[in-house]
Amino acid sequence: MKRRNLMKSSAALALAASVLGSAAWAENPVLKIGFVGVTSGPAAAWGISNQRSMEARADWINEAGGYKIGDTTYDIEIVSFDDQKDPKRAIAGMEKMAQEGIHYVVGPNVDDGAAAVRPVAEAQGIMYFPYAFPKELYTAPASNAVLGMVANYQSGPAIYKYLKDEKGVTSVAFVAANESDPLSQRDGGVEAAKSLGLEVVSDNVTYQVDTTDFTPVLTPVMRTQPDLLVLSGVSPANAPQLIRSARELGFQGLISTETAQDATVLREGAGDLANGFISVGGASTPEIASDDMKEFVKRYTDMFGEYNDESNTKVYALEYILATLNANPAGIEDVTAFQTTMDTFEAPNPFMKGNAKMRYVGSTSFGQKRQIAVPLVVNVYQDGAFETLFVAEVD
Amino acid sequence: MEQILANGIYLGAQYAMIALGLTLIFALMNVLNFAHGQMYVLGGFVTYTFYGQLGWPFVLALLASCITLAVLGALIERFLFAPVIRRSSREESTMLLAAGLAFLFDAIILLVFGEKQRGVPKIVDGVFNWDFRLIMPYDRILICILAILSIVSFILFMQYSKTGRALRALAQDRTAAQLMGVNVARYSMIGFALGAMLAGLVGGLLVTITGVNLGMGGPTSIKAFMMVMIGGAGVISGAIAGGIILGFLEAIGLAVLSQYGDITYLLIFVSLMIFLAIRPQGLMGKPWG
């Protein structure tokens, strides 16, 4: 008898837990946002910082009770797909997102992946936010891609001009990995440098993406004795090794890149040799980070054990998607409504101090607003942390 | 020219060390260990943890890498490869197992050490500069010497120790070695542990120069396979020769061909294809395996 009672009690408890659990889970409808990007292999840091930024922000939103869009409050669910930096996988990932009824996807992280998914995204009504720079992705007739960061052809000229005016730079050398992104960034950088009147003393030295020792690679570049060495499209994994090799080869000039970097990686990989290294950042330097940004960094660190400075930029895409949907809830099912809203959208930027605004830009570069207005924050690495060199805006 | 020679010796020594462990495992067990690069990465992360994070002396951290990988290698052989080899005579079974291990290690490394590039403090500061004709940081010189010493020690161990002789006998003819009283199961495990330990050793040495990240495993395995194919699969001297040749090809290519873009590895791969078409067993391998 006792045994039967115990079984009944257990069954009742299980049923109650199940009902309560379902009820709790069903409190808010779920809004799925996708991520298709690289989270394995040598470039994993790019995609993982994306994915974790989205997950940390979604977790924060859900903990606070959800995100209100129109009259409905949604829980945010991040659906991730590792494209392994392979365009074919990126297409498969975008198709998976379509099958799940997802209309908003962050990624892919690289040029060829972003180009490959365009037909799927446009056919399936998916807006996607790549971290890839080819202008044709964002220029009409392309319609569904929104650049998620500042492109090198936007940041490069600003950095070179600053260094020319403030540091007296007259000659520049470029070195890039033998991959589509870094090579296209190098070509854009060379063009920008030449148009500013800088002498390009070396632009044909490239390296295998899996190179681990850069001394042989940089030896011929160092012989050209440039004032500025640009590491075009350099991944955070390679940057410290390149800086270290250049300094050990006796290079005393400036070193810069137009990609986002991580201070801890630079400190561990290059130590004091990385002092003075210039890169593009986001919004977490003390000078400009808001309380929300600090909270985001704290939550990310609590969730994953360690913050990634690349997330200073990557925190924005999800925020833009949700805020734009909030401005026009029809966009949840209809990306055309989302696109229409992009032209006039404006909302406070929660991650920066002051009156910074979130809005879509890109009219100058692409002829239409297909870029999120991430602040162009140019950082300089010094003794283990980034300091803001200057802040600019992209139109 | 001096710089090319120095770079070639340095790259060759480190490549030879990477290839040694791979070819040893292949010679003993006929296993293509696709997880060799991941073992190298694990060795790097162990040294990173003990030397870079916990502040142990570098030598002790290196020792920790060797021991960790040796134990891991022994366990993998004992509980994974040995049963598979016992139950399946198909070579692809062990290849699939090795590939699965590579994925598993990648996932574990990501979970434990994260996605970021990791580095450790330099073990020696300063740069040797001979009138800008030859520039070589002292830590590279030290690592190069340590790598050469390790290779020499390994050769002496294989040549003159009882274990080394047993391993060589096993590599030459497994059945004959068994008939001569060699405990095949035991020495297979020791051989696999030794191969994994070599991967851990070189990973621990090179983390001071190149740092380490989770994506380095696959490309490292590919380079190791190239060296083994050049020198001859399963031949210790062949792996050393393959490593040195690849190191010099890379050093010469990067110095001479840099103005033509990144064609060094393109030419190396083309040369390797032509070479293998003419001599598929490699420089020192036997055509019959």
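Residues numbered from 1 in each chain as written. Chains lettered and ligands numbered in written order. Predicted model: local features only at pLDDT ≥ 70, side-chain atom pairs only at ≥ 80, totals over all residues. Heavy atoms only, no water.

In the annotation of an unreviewed UniProt entry, the entry for chain B reads LIV-I protein H, and the organism field reads Ruegeria denitrificans. Taken verbatim from the UniProt record of chain B, the Subcellular location (unreviewed entry) comment is "Cell membrane". Chain B has a UniProt comment under Sequence similarities (unreviewed entry) that states "Belongs to the binding-protein-dependent transport system permease family. LivHM subfamily." (UniProt positions renumbered as here; feature names shortened; annotations may be inferred.)

The name an unreviewed UniProt entry gives chain A is Leucine-specific-binding protein, with Ruegeria denitrificans as the organism. Under the UniProt heading Sequence similarities (unreviewed entry), the entry covering chain A gives this text: "Belongs to the leucine-binding protein family."

Structural notes on the overall build of chain B
Summing up its helical and strand segments, chain B has 11 helices and two strands in all. Moving toward the C terminus, one meets the helices and strands of chain B in the order α-α-α-α-β-β-α-α-α-α-α-α-α. Computed over its C-alpha atoms, the radius of gyration of chain B comes to 19 Å, within 12% of the 19 Å expected for a compact globule of 289 residues. Along the first, second and third principal axes, the C-alpha set of chain B runs to 60 × 50 × 35 Å. When the 289 residues of chain B are sorted by exposure, 54% land in the buried category. For chain B, long-range pairs separated by at least 24 residues make up 74% of all intrachain contacts whose partners lie at least 6 apart in sequence. (Helix = DSSP H or I, 4+ residues; strand = E, 2+ residues; numbered from the N terminus. Rg over C-alpha atoms; globule rule 2.2 N^0.38 Å. Buried < 20%, exposed > 50% of the residue type's maximum accessible area, 1.4 Å probe, protein only. Contact = heavy atoms within 4.5 Å.)

Description of the packing of aromatic side chains
Tallied over the full model, the rule gives 26 aromatic pairs over all chains. Consider the rings of A:Y104 and A:F338, whose centres lie 4.7 Å apart with planes at 45 degrees: the pair is tilted. On the criterion of sequence distance, the pair formed by A:Y104 in strand 4 (residues 104-106) and A:F338 in helix 14 (residues 335-342) is long-range, its members being 234 residues apart. When its relative accessible area of 2% is taken as the criterion, A:Y104 is described as buried. Taking relative accessible area as the criterion, A:F338 reaches 1% and is therefore assigned buried. Ring geometry for B:Y265 versus B:F269: centroids 6.1 Å apart, planes at 55 degrees, classification tilted. (Phe/Tyr/Trp six-rings, centres within 6.5 Å; stacked < 30°, edge-to-face > 60°.)

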